Amino acid sequence: MSSLRYPSKLPKVGIRPIIDGRRNGIRESLEEPTLEMARAAAKLIEGSLRHASGEPVECVIPEFCIGGAAEAAKVDAFLSENGATVSLSVTPCWCYGSETMDMDPMRPKAIWGFNGTERPGAVYLAATLSAHTQKGLPCFGIYGRDVHESGDLEIPDDVKEKILRFVKSGLAVTTMRGKSYLAMGAVSMGIAGSIVDCSLIEDYLGMRVVQIDMTEFVRRMDLEIYDRDEFKTAFAWVKANCKEGEDRNPVETQHTREEKDQDWATSLKMALIARDLMVGNPKLSEIGFGEEAEGHNAIAAGFQGQRQWTDHYPNGDFLEAILSSSFDWNGIRQPYTVATENDALNGLSMMMGNLLTGTAQIFADVRTYWSPDAVKRVTGHTLTGDSEDGFLHLINSGPAALDGCAEMQDSDGNPTMKPFWEMTEGDVQSCLDATSWHPGTLEYFRGGGWSTKYITRAGMPCTIFRLNLVKGLGPALQIAEGVTVGLPEDAQNALDLRTDPTWPTTWFVPRRNGTFPFESVYSVMNNWGANHCVLSPGHIGADLITLASMLRIPVYMHNLESTDVFRPSSWSSFGTADMEAADFRACETYGALYK
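Residues numbered from 1 in each chain as written. Predicted model: local features only at pLDDT ≥ 70, side-chain atom pairs only at ≥ 80, totals over all residues. Heavy atoms only, no water.

S.K.: What am I meant to see in the packing of helix α7 (residues 215-222) against helix α9 (residues 257-279) here?
M.R.: Helix-helix packing is described using two parameters, namely the angle between the two axes and the distance between the axes. Look at α7 against α9: their axes get within 10 Å of each other, and the N-to-C directions meet at 110°. Compared by their axis directions, α7 and α9 come out roughly perpendicular. Seen along the crossing, α7 lies across α9 with a hand that is right-handed. Side by side, α7 and α9 meet where Glu216, Phe217, Arg220 and Met221 of the first sit next to Thr266, Lys269, Met270, Ile273, Ala274, Asp276 and Leu277 of the second. (Axes fitted to C-alpha atoms, helices over the stretch in contact; angles between N-to-C directions. Helix = DSSP H or I, 4+ residues; strand = E, 2+ residues; numbered from the N terminus. Parallel < 35°, antiparallel > 145°, perpendicular 65-115°, else oblique. Left-handed = near helix turned anticlockwise from the far one by under 90°. Contact = heavy atoms within 4.5 Å.)

So, in structure tokens, the structure goes:
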């Protein structure tokens, strides 16, 4: 569906079959096996991966192999003409490395060298990776652990994992390229993450920044620059599906029923307008607003809200929650990425998570570390199991994607968040049933509005992460894999009431491994780089590390095993004893991808 959101086509994967170019016996015997190796890789990729928009990933393969510089140039043109923005070179044999390698500096690239003894594909892999390192063109090396027989087209599991991780990350890099981050408003309450850094977005991500004033929402509401028929449909859907929860404002300040209905209407218009600002809407041309119909080609956005907007108008909670979810009044669809408080660093993190997984992403405050002693003192409950060392209270000031309640189930009945193309109407209903909408707390949101409330189900493997910006260093990513946990209802209510019980809550425990800062839950909280994080379902830390290396963004905090870290082969040249330090040196040396 989302391929219709943007004017550019979805990126493809180019498979480059590399061969020993010597004729009169050598090349002739290797031509078909090499092409079969390329086809096997394409079959794996196309059968396993989808774009975040739901469409299957496509591969393109030339009809001939690359045996030298002339054929390399022909294939390079072929890949460009056919929209291949990521390349995987494959070979079962020795070839001429610097004559056949992919030289495009903008194209994420990897080489799979077949591990066999009949022909030295692994030798080509090592030689050509060395050439890439020498020329400053980072390339991923894929080399199976076990020796295979010549002609065995069954791809080993360890090779499959690396191929798919590389392709997922490479497609994420090239999908975001050329898109926009839309800042709807400016800085929210002095939060540095909402000071949108154009150089970061342009130099590291290849995107542009578009900034608009929030008065554009007022103009579009006053002039009715939105699909009025869709508004009627959406309003009826909200009334039927968005159940209202308790109004916790003092009775004397509560909005009347008429005012609450008006808050719903305004919140809906804001959601429609924000979506149209991001990706456009051809319906607007039909009512005489051709410029507005174009949108801003935004793959991610943020809404300032507090305080200039929310002191006078309904908050952006409904806007942010419903757009970031995998469904709305039009049915199941790809989530939009909209960050609370225009925190662009969190918004860009949400974008990365969505591109890698296809699922909705949860924007959250890293609000509180609850130690076992503090929980016992406040609630009388003794923590055990996953939460025996305490947990983090992840909460957002009003909104989060409705998928985040984790009321969907995987094939084994475990709580999860699904890519939208796997969701059913039953999944949608489960999310709606688990969510209540509460009148905004008027102490915070003087203009009213509606806040999202749910408790994320326990037992969902997930990952929190955050892109931070460090003066003198640049961007740096931190990652913590873990699991959601639960509490008895009375203990949960006691903790919830200490903050705002009308906001979405997730209790999260990072996986500890005895190494700083993952020796305790407290230490993770104490070393988190900002007040916000993104939560993505599943353990996606390895994918994030691979993606970050392609973008030349170092990772300074993660709890993965070293065997799960997959970066370009040249990273090992910057040191092997300390992988984190080597990552920083490599990213500094290569610099921002688009600078």
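S.K.: Honestly, the side chain of Thr174 in this entry has me stumped. Any pointers?
M.R.: Tracing the backbone shows Thr174 in helix α5 (residues 157-176). Side chain to side chain, Thr174 and Thr85 meet in a polar contact 2.9 Å long. For Thr174, the residues in contact, after removing those within four places along its chain, are Pro11, Thr85, Val86 and Pro108. (Polar contact = N/O pair within 3.5 Å; in protein donor to acceptor, adjacent residues only side chain to side chain.)

S.K.: Would you mind going over the layout of surface pockets with me for this structure?
M.R.: Vacant regions in the atomic arrangement are exposed by a probe of water-molecule size rolled over the atoms. Its volume calculated, the second largest pocket comes out at about 620 Å³. Considering the residues around the second largest pocket, the lining is formed by 22 residues, among which Lys162, Val565, Phe566, Arg567 and Met579 are closest to the centre. Those elements that place two or more of their residues in the lining of the second largest pocket are β5 (140-142), α5 and α19 (579-590). If you tally residues by element for the lining of the second largest pocket, the top one is α5, at four residues. Broken down by class, the residue content of the lining of the second largest pocket amounts to eight nonpolar, seven polar and seven charged. (1 Å grid on protein atoms, 1.4 Å probe; cavity = no way out; pocket = protein on both sides within 12 Å on 5 of 7 lines; lining within 4 Å. Points joined across faces, edges and corners; volume = space filled by probe spheres on them. Nonpolar A, V, L, I, M, F, W, Y, C, P; charged D, E, K, R; others polar.)

S.K.: What am I meant to see in the side chain of Ser180 here?
M.R.: Note on placement: Ser180 falls in strand β6 (residues 180-184). Polar side-chain contacts of Ser180 include one of 2.9 Å to the backbone oxygen of His296. Setting aside its immediate chain neighbours within four residues, Ser180 contacts Met207, Arg208, Val210, His296, Asn297, Ala298, Ile299 and Ala300.

S.K.: In this structure, what is going on with the state of the cysteines? I would like to understand it.
M.R.: What is meant by a disulfide is a covalent connection between two cysteines, made through their sulfur atoms. In this structure the tally under the stated criterion is zero disulfides. Cys65 supplies the cysteine sulfur nearest to Cys59, a cysteine that is in no disulfide, at a spacing of 16 Å. The closest cysteine sulfur to the non-disulfide-bonded Cys587 is located on Cys139, 16 Å from its own sulfur. Residue classification places Cys587 among the buried positions, given a relative accessible area of 5%. (Disulfide = S-S within 2.5 Å. Buried < 20%, exposed > 50% of the residue type's maximum accessible area, 1.4 Å probe, protein only.)

In short, the description is geometric, and any link to function would need to be established separately.
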